[in-house]
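What the coordinates show
Residues per chain are reported as follows:
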Amino acid sequence: MTTLFATSEHGLLKQDENTLSSEMGALLGLSVPNLYFVGATHSRRVSASRLMSRALRDFTGLTSVNEEVKKALLDFSFFLTIGDMDKAYSAVRLINEPQVWENMALMCVKTKRLDVAEVCLGNMGHARGARAVRLAKNEPQVEAQIAMVAVQVGLLEDAEKCYIDCGRWDLLNKLYQSSGQWEKSLQVAKTHDRIHLRNTHYKYAKHLEAMGDLPQAVMHYELSGTFAKEIPRMLFDQGKVDRLRKYVHKKDDPKLYKWWGQYCESNQEYEAALQYYSRANEPLCLARVHCLAKDFDSAVEVVQSTGDKAAAYFVARQFELTGDMKSAIQFFSKSGRYNHAVRLAQEAGFDSDLMSLSLMSNPKVMISSAKYFESKGSVQQAGQL
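Here we summarise the structure given alongside this text.

Each value, and the rule that gives it
- Residues numbered from 1 in each chain as written.
- Predicted model: local features only at pLDDT ≥ 70, side-chain atom pairs only at ≥ 80, totals over all residues.
- Heavy atoms only, no water.
- Helix = DSSP H or I, 4+ residues; strand = E, 2+ residues; numbered from the N terminus.
- Polar contact = N/O pair within 3.5 Å; in protein donor to acceptor, adjacent residues only side chain to side chain.
- Contact = heavy atoms within 4.5 Å.
- 1 Å grid on protein atoms, 1.4 Å probe; cavity = no way out; pocket = protein on both sides within 12 Å on 5 of 7 lines; lining within 4 Å.
- Points joined across faces, edges and corners; volume = space filled by probe spheres on them.
- Nonpolar A, V, L, I, M, F, W, Y, C, P; charged D, E, K, R; others polar.
- Expected span 1.5 Å × (residues − 1).
- Buried < 20%, exposed > 50% of the residue type's maximum accessible area, 1.4 Å probe, protein only.
- Salt bridge = Lys/Arg side-chain N within 4 Å of Asp/Glu carboxyl O.
- Core = buried A, V, L, I, M, F, W, Y, C linked by side-chain atoms within 4.5 Å.

**Some details on unusual backbone geometry**
Residue Pro-33 follows Val-32 across a cis peptide bond; omega there is 20 degrees. Although it is not a glycine, Asp-252 sits at a positive phi angle of roughly 55 degrees. Note that Asp-252 resides in the loop between α13 (241-251) and α14 (254-266). One non-glycine residue, Lys-294, adopts positive backbone phi at about 65 degrees. Structurally, the position occupied by Lys-294 is in the loop between α16 (283-292) and α17 (296-306).

Written out as structure tokens, the structure reads:
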């Protein structure tokens, strides 16, 4: 059923279309703001003698309508029909009914009037929506701006169409994510928004984790490339330690071996920690565990076999703490931290080592050593430095 405006200037204008439900029989009449029907004779739910009503589009949701509001909304609907949004806005600008402004906001999506939509959302008291629309003005495409209005008033299908029309697949992806349409989100990411594909898998995995679907969450964390961090965290938080241990062995990944080694180390299971750190090829972690177990010979062997500077520095610090200055100087040198080696040589009075160490360090350390030699009367070494 179609409602029309009949005017001398513009002729017949289509105002709206209404689809009759199965419970409605014949149209009885129109009296603004409602259409009136009699119940269908074949309907068991509605008596044929029952009077039924349906509000016109621009009056939907209004609980009461006085003559002033009625006239304003009819003018609004007419000007909207002929495409004069400025007069349509002027017709209802003094009305305080939020539903009127909501109806107008819905029309702004169709007419693509972002300026009026912002005013409508403000009069609706939709502060978050008004802010979102203001931010959407930074988007270069008009369709992307209008799509944000559609989202705020619940017209998701219109928003989807706008994003597709302007080719903003990234925003369409976010829309699908926000509305829980994860299969569509992943499909868009795979076909049009591949730069955000991993991020989409990650967000979907977080959603699945919150829903308790751990197997699917594991799969999508793997596809997102964040499995080494997120899967141990998730399974550990869920108390699935045995399951996590099996996953670590099945995946055979150095990052996971390191995580499990740290877990063993935190439980003072040093032998197990050493095994996993060895699989992960982590010299620093190996040296640290050996030092914790007071096995300094094995820590030294790790440094000598790998040449890892971080491990050498850690071992040097341990020797310094135990008072073995010769060994500390040696391993500070291996780590490339000559400033520490020079500092210890000065404190311990190892002048023979100090000169060679100073020559390998930076000018600032050389000056420090030169002053040290000068204070001791070793003018030749001071001058050379």
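**Describing the side chain of Asn-34**
Positionally, Asn-34 belongs in strand β4 (residues 34-39). One polar contact links Asn-34 to Tyr-36, side chain to side chain, over a distance of 3.5 Å. Non-local contacts of Asn-34, meaning those with residues more than four positions away in its chain, are made with Gly-29, Ser-53, Arg-54 and Ala-55.

**A word on the layout of surface pockets**
Put simply, the largest pocket is a space of about 270 Å³. Mapped onto the lining of the largest pocket, the elements with two or more residues apiece are α5 (127-136), α6 (142-152) and α8 (169-178). Tallied by class, the residues present in the lining of the largest pocket amount to nine nonpolar, three polar and two charged. The calculated volume of the second largest pocket comes to roughly 160 Å³. Taken together, Arg-128, Arg-131, Ala-132, Leu-135, Met-148, Val-151 and Gln-152 make up the full set of residues lining the second largest pocket. Listing elements by their share of the lining of the second largest pocket, those giving two or more residues are α5 and α6. Top element by residues in the lining of the second largest pocket is α5. It accounts for four residues.

**Brief notes about α14**
The end-to-end C-alpha distance of α14, which contains 13 residues, comes to 18 Å, matching closely the 18 Å that a straight helix rising 1.5 Å per residue would cover. Those residues of α14 not exposed but buried are Leu-256, Tyr-257, Trp-260, Gly-261, Cys-264 and Glu-265. Looking at the packing, one finds that the buried side of α14 touches α12 (227-237), α13, α15 (270-280) and α16. Of the residues that open α14, the one with a side-chain oxygen 2.9 Å from the backbone nitrogen of Lys-255 is Asp-253. After α14 finishes, the residue Gln-268 shows a positive phi value of roughly 60 degrees.

**Quick word on the pattern of salt bridges**
Following the criterion strictly, the structure yields 15 salt bridges and no others. Here Arg-288 makes a salt bridge to Glu-265, at a shortest N to O gap of 2.9 Å. Taken together, the residues Arg-288 in helix α16 and Glu-265 in helix α14 connect sequence positions 23 residues apart. Residue class for Glu-265 comes out buried when judged on its relative accessible area of 15%.

**Here's the deal with the nonpolar core**
Core analysis: the largest hydrophobic core is formed by 48 residues, its most contacted members being Leu-73, Phe-76, Val-92, Met-104, Cys-120 and Tyr-163. Those residues in contact with Tyr-163, other than ones at most four positions away along the chain, are Ala-144, Ala-147, Met-148, Arg-168, Leu-171, Leu-172 and Leu-175. Residues Leu-214, Val-248, Tyr-257 and Val-302 belong to the second largest nonpolar core, which totals 30 residues.

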